[in-house]
Number of protein chains: 2
Amino acid sequence: MTNQEEKARRYALLKAQLSMARQQDKAVLLVVAGHAATYKSLLVNQLNHWLENRQTEVHALAPSEEDRLRPYWWRYWRRVPARGRVGVFVHGWYGDALFARAEHRIQAGAFEDRLNEINAFEATLAHDNVVVIKIWLDIDAEQQAKRLHAMQADPAQAWQINEHHWQRHAQHEVIDRHAGHLREATHAPHAPWHCIVSESPDQQLREITELLQDALTHPPTLPDQPALNHTQANAPTLKQSKSDDAKPPKSEYLEALAAAQARLAYHHRRCLERGIPVVLAFEGHDAAGKGGSIHRVTSALDARFYRVHSIAAPSDEERLQPWLWRFWRRLPQDGRVTIFDRTWYGRVLVERVEGFAEEQDWLRAYREINHFEAQLLAHGAVVGKFFLAISKEEQLKRFNARAKTPHKQHKLTDEDWRNRKRWSAYQSAIDDMLAHTHTPGAPWHVVNTDHKRCARLAVLDHVNHLLESRLESPS
Amino acid sequence: MTNQEEKARRYALLKAQLSMARQQDKAVLLVVAGHAATYKSLLVNQLNHWLENRQTEVHALAPSEEDRLRPYWWRYWRRVPARGRVGVFVHGWYGDALFARAEHRIQAGAFEDRLNEINAFEATLAHDNVVVIKIWLDIDAEQQAKRLHAMQADPAQAWQINEHHWQRHAQHEVIDRHAGHLREATHAPHAPWHCIVSESPDQQLREITELLQDALTHPPTLPDQPALNHTQANAPTLKQSKSDDAKPPKSEYLEALAAAQARLAYHHRRCLERGIPVVLAFEGHDAAGKGGSIHRVTSALDARFYRVHSIAAPSDEERLQPWLWRFWRRLPQDGRVTIFDRTWYGRVLVERVEGFAEEQDWLRAYREINHFEAQLLAHGAVVGKFFLAISKEEQLKRFNARAKTPHKQHKLTDEDWRNRKRWSAYQSAIDDMLAHTHTPGAPWHVVNTDHKRCARLAVLDHVNHLLESRLESPS
């Protein structure tokens, strides 16, 4: 590259990056992985030197304690670049999977599972305007040995070489084989691999800046819209939810409530001891009593170890991120309880019905949600999902009561009346949601709340049931 | 309390909290500290039960690794409740100070220093619409022993008692003495202590909800406006900043640059090894070349271990927090470098000149800033502050050059011309800033940038100098 050519390339790259930063229409996520001794650090540094570094983040992860106390993907979700920005990951999730496999810390099955997770993660990002590009820096074992020896002999570079480099050199063939499979299994038009044979830092930089220039200036490739996932067998429906329990008298209710809360308090302490995180998701019709039910649950919990998140419109920081980001960021650390009052299911309920999300986006969300919850389950979390249902008549009664009672008026908004007008649209959306996301690991629990006391007890009993099942299982 | 009275009190409390949540005009921060066996957990739980827990956060801190790798106050700044919310801290910063002192982990001098820090922290919060109230739960040693024995004997409560309780009982007199002094030293009208003798959970709850009700419904007490801190001796002024260096020819410049960057790269690695965090703050006139100077610094750093933050308008999440919050949240972990392109000094520059901050707020900021930087220094950080100055004539030249050069036009905005019109107002603000914040530990380095190459070298040399000084000092 002549000096003149280099200047022109740098300027073009910078211009493309600044244009993306202004438009905030997408983010670019670059993964740089590869064999040892392929000038990775040098390359990342040069690249960062070319880019506007106020809009760039480089991550070479040694997971922190806060990372380790959360589901695996949390550490990457919290570092996804916001739209307008470039995120560079050295090895990233590929390093985790590849070296775990090469060093026999995971077996073939777990490796495949992880590759599937990677595909799902990257597809979710790509659908949400994150352009993912992945570089594999290749070198053969002979060249690698030569380079390592040369670096070792050079006092200016020797400090960069440690036992890991030699270990990875010794494993070159194994790493190469698994890496080949990994690239094949995770290559996609929306998140392609580019294999670059490592010859010189300059040549690598040239090839990567070309790819980056491309990513910055071309419209992103969207993944194929996945087929709508199957309706889950035995999914509950709203129709089945009937209030036919005998209503217990108040004294009986209070007794049952106290007993259920005492059980919950006990289970909560055991979860804390064993580091089991608990995620409870509450959805429901307006005025179905989500707040009251949540309150009966939290009354049994130690205030230091739970958090209730009331989900409303995303903040402006959240708007620049993939839609699931704001739920990932709120996940509890191990042993804690997080309760969502309205949840990620807003995507397929209010966003669908009110048209805040495009059809293709909410259609895709069923799968994205199932994947999200599978991550929580894989980490050992308890996932409880409650839909608090109410009949149309009972809702009207409660709305009217709220309108008349001074200390309840703040609970009734124009939005409630607006939603009520679309009752049947919501009913369909709810039934679709139940049908597509009632998974074996994270089934829905639909609770009829026409009778509030029964509903609260039903919620508490089910939370207890979930914790008991989890606590009975090993680790 | 009769059932009726209790209901009325709960409703009034909830109403006050919801009104604050809607108005987002202030936050309430409650610290619950006290002797062992004063029903603290029970109290916090009951309180949380009365409050709307979607708007409440309870923190009983075991600092995480991410906390420990940052200046002490970071762990509390990141948990300050946003306006509209209630934050409850069990022991909080008082527990850290008190038990460290009682257990002789710190001596009297360090204890006093910490109490002063606490006062500064709480005053900063109080000025920024965080209402701080602090509860001390008191009990005498005899009662404490009785209660601990009773709890130990009760199977339902015994699990709550551990060796710490007995240890604190053994130290009752020492804790009591230090706690008395602590309360005296940190009591202020804007952050008062309330001593509550622990008789029964009910009585405690009643007294605290009264205090909370008060805090929620009354306008906050503002701290006294502190006296403007002294002008620092030897503070640089803009006038002194003259460009009279001989301009080195380009070849000499490139050589010097490469040498300085090599030194910096070496020092950066040593900081990384020793866990020394580095904070570099860049302010300067428009077109003085902040970006270019920062770029020459970052080119010498490992991209994995530094971050550049370009400070623009706060996000909406940031707007709900005290003004320094958005800088605290961006502090580097130990060993890393964070560079701010524009900084917290915006408070006394653009916010002052353009009237975005009230006079009393920016006047107070000098002290708040000095305190903020003192926290970084106390943690062992390197704090480098650069003001890149330019003459009015040279600025005009550069603006015109930018206007004419296609690939520089994006750098020139209407704001630049607006700021230029207020040149003399900015000059006064800059000189005041230099005079009031040129502290011994974090002095300003004013760099004349009429000659860009000299300026870049001067910045690099000074960064090297700062790192060298720090690396020479123990630990």
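Cut-offs and rules
Residues numbered from 1 in each chain as written. Chains lettered and ligands numbered in written order. Predicted model: local features only at pLDDT ≥ 70, side-chain atom pairs only at ≥ 80, totals over all residues. Helix = DSSP H or I, 4+ residues; strand = E, 2+ residues; numbered from the N terminus. Buried ≥ 20, exposed ≤ 12 C-beta atoms within 10 Å, placed from the backbone. Pairing = 2+ DSSP bridges. Axes fitted to C-alpha atoms, helices over the stretch in contact; angles between N-to-C directions. Domains from an automatic or database assignment. Contact = placed C-beta atoms within 7 Å. Nonpolar A, V, L, I, M, F, W, Y, C, P; charged D, E, K, R; others polar. Least-squares fit on C-alpha atoms with pLDDT ≥ 70 in both. Left-handed = near helix turned anticlockwise from the far one by under 90°. Core = buried A, V, L, I, M, F, W, Y, C linked by C-beta atoms within 7 Å. Parallel < 35°, antiparallel > 145°, perpendicular 65-115°, else oblique. Expected span 1.5 Å × (residues − 1). Arc of directions from axis to C-beta.

1. Quick notes on the overall build of chain A
Scanning chain A from N- to C-terminus turns up 20 helices and 10 strands. In chain A, which comprises 475 residues, the share counted as buried stands at 39%.

2. A word on the sheet that holds strand E2 (residues 56-59) of chain B
Residue and element names in this part refer to chain B. Spatially, five strands are ordered E2-E3-E1-E4-E5 in an open sheet, and the strand pairing comes out parallel. Two strands lie at the open edges of the sheet, namely E2 and strand E5 (193-197), each paired on one side alone. Here the strands of the sheet are splayed against their neighbours by 20° on average, with no regard to which way each runs. Here strand E1 (residues 27-34) pairs with strand E3 (residues 86-90) via five bridges, running parallel.

3. Re the domain arrangement of chain A
Residues and elements named next belong to chain A. Examined at the domain level, chain A breaks down into domain 1 (3-217) and domain 2 (250-472). Distance between the C-alpha centres of domain 1 and domain 2: 38 Å. Taken together, the 20 residues of domain 1 in the interface contact 18 residues of domain 2. Those elements that provide at least two residues to the side of domain 1 that touches domain 2 are helix H4 (74-77) and helix H6 (108-127). Of the residues belonging to the side of domain 1 that touches domain 2, the class tally is 11 nonpolar, four polar and five charged.

4. Overview of the relation of the copies chain B and chain A
One copy of the chain maps onto the second through a rotation around an axis plus a translation along that axis. Of the transformation superimposing chain B on chain A, the axial component is 0.0 Å and the angular component is 180°, with the fit at an RMSD of 0.0 Å. Each copy turns onto its partner about a two-fold axis. A share of 100% of the interface residues of chain B reappears at the interface of chain A, consistent with the copies meeting face to face through the same patch.

5. Concerning the interface of chain B and chain A
Contact residues are listed per partner, giving 31 residues for chain B and 31 residues for chain A. For the side of chain B that touches chain A, the elements supplying multiple residues, two or more each, are helix H1 (3-23), helix H2 (40-50), E2, helix H3 (65-68), strand E7 (306-310) and helix H13 (316-319) of chain B. When residues in the side of chain B that touches chain A are grouped by element, the largest group, five residues, is from H2(B). Among the residues forming the side of chain B that touches chain A, the class breakdown is eight nonpolar, 12 polar and 11 charged.

6. Notes on the pairing of strand E8 (residues 337-341) of chain B
Residues and elements named next belong to chain B. Burial analysis of E8 places four of its five residues in the buried class, which makes it a mostly covered element. Relative to E8, strand E6 (residues 278-284) is paired through five bridges, and the arrangement is parallel. Of the residues in E8, the one forming a bridge with Val279 is Thr338. Where E7 meets E8, five bridges bridge the pair, whose relative direction is parallel. Paired with Ser310 across the bridge in E8 is Asp341.

7. Considering the packing of helix H1 (residues 3-23) of chain A against helix H10 (residues 201-217) of chain A
All names here are of chain A. The geometry of H1 relative to H10 is characterised by a closest axis approach of 9 Å and an angle of 35° between their N-to-C directions. Crossing angle aside, the handedness with which H1 passes H10 is left-handed. Counted together, Arg9, Ala12, Leu13, Ala16, Gln17 and Met20 of H1 and Thr209, Leu212, Gln213, Leu216 and Thr217 of H10 form the full contact between these two elements. When its residues are assigned to classes, the contact of H1 with H10 shows six nonpolar, four polar and one charged.

8. Observations regarding unusual backbone geometry
All names here are of chain A. Positive phi values are uncommon outside glycine, yet Ala37 reaches one of about 65°. As for its position among the elements, Ala37 is in the loop between strand E1 (27-34) and helix H2 (40-50). Given 25 C-beta atoms within 10 Å, Ala37 falls into the buried group. One non-glycine residue with positive phi stands out, namely Tyr39, at about 60°. Of note, Tyr39 is situated in the loop between E1 and H2.

9. Notes on the nonpolar core
Among the nonpolar cores identified, the biggest contains 114 residues, and Val32(B), Val279(B), Val297(B) and Ile339(B) are the most heavily contacted of them. It is helix H20 (residues 452-472) of chain B that provides the largest number of residues to this core, a total of nine residues. Sequence-distant contacts of Val297(B), defined by excluding residues within four places in its chain, comprise Leu264(B), Ile339(B), Val459(B), Leu460(B) and Val463(B). Counting 113 residues, the second largest nonpolar core, distinct from the first, contains Tyr39(A), Leu216(A), Trp328(A) and Val348(A).

10. Some thoughts on the environment of His59(A)
Residues and elements named next belong to chain A. Along the chain, His59 falls in strand E2 (residues 56-59). Each C-alpha atom, one on His59 and one on Val88, is 6.1 Å from the other, the two residues being 29 residues apart in sequence. Setting aside its immediate chain neighbours within four residues, His59 contacts Arg79, Gly87, Val88 and Phe89.

11. Some thoughts on the pairing of strand E6 (residues 278-284) of chain A
Residue and element names in this part refer to chain A. Where burial is concerned, most of E6 is hidden: seven out of the seven residues are buried. As paired elements, E6 and strand E9 (residues 382-389) share seven bridges and run parallel to each other. What sits directly across from Glu283, in E9, is Phe387.

12. Some words on the environment of Ser469(A)
Tracing the backbone through its elements, the reader meets Ser469(A) in helix H20 (residues 452-472). Looking at Ser469(A), the number of C-beta atoms within 10 Å reads 10, which means it is exposed.

13. A few points about helix H5 (residues 92-102) of chain A
Residue and element names in this part refer to chain A. Every buried residue of H5 is listed here: Gly92, Trp93, Tyr94, Ala97, Leu98, Arg101 and Ala102. Against E1, H4, strand E3 (86-90), H6 and helix H9 (172-186) lie the buried residues of H5. Positive backbone phi, at 60°, marks His104, one or two positions downstream of H5.

14. Let's talk about the sheet that holds E7(B)
All names here are of chain B. The five strands are arranged E7-E8-E6-E9-E10 in an open sheet whose pairing can be described as parallel. Two strands bound the open sheet, and with one partner strand each, they are E7 and strand E10 (444-448). Adjacent strand axes in the sheet meet at a mean angle of 20° when their direction is disregarded.

15. Things to note about the packing of helix H5 (residues 92-102) of chain B against helix H9 (residues 172-186) of chain B
All names here are of chain B. It is the contact of H5 with H9, at a shortest axis distance of 9 Å, that shows an interaxial angle of 135°. By the criterion of interaxial angle, the relationship of H5 to H9 is oblique. For the crossing formed where H5 meets H9, the hand is right-handed. Counting all contacts with H5, which are made through Tyr94, Ala97, Leu98, Arg101 and Ala102, the residues of H9 involved are Val174, Ile175, His178, Ala179 and Leu182. Of the residues assigned to the contact of H5 with H9, the class counts are eight nonpolar, one polar and one charged.

16. Description of H1(B)
Residues and elements named next belong to chain B. The end-to-end C-alpha distance of H1, which contains 21 residues, comes to 30 Å, matching closely the 30 Å that a straight helix rising 1.5 Å per residue would cover. Here H1 has its buried residues at Leu13, Gln17 and Met20. Down the axis of H1, the smallest arc covering the buried residues is 60°, so these residues share one side. Summarising the geometry of H1, the exposed residues directed more than 90 degrees from the buried face are Asn3, Gln4, Lys7, Ala8, Arg22 and Gln23. At its buried positions, H1 is contacted by H2, E3 and helix H10 (201-217). In the segment just after H1, Gln24 is the residue with positive phi, at about 50°.

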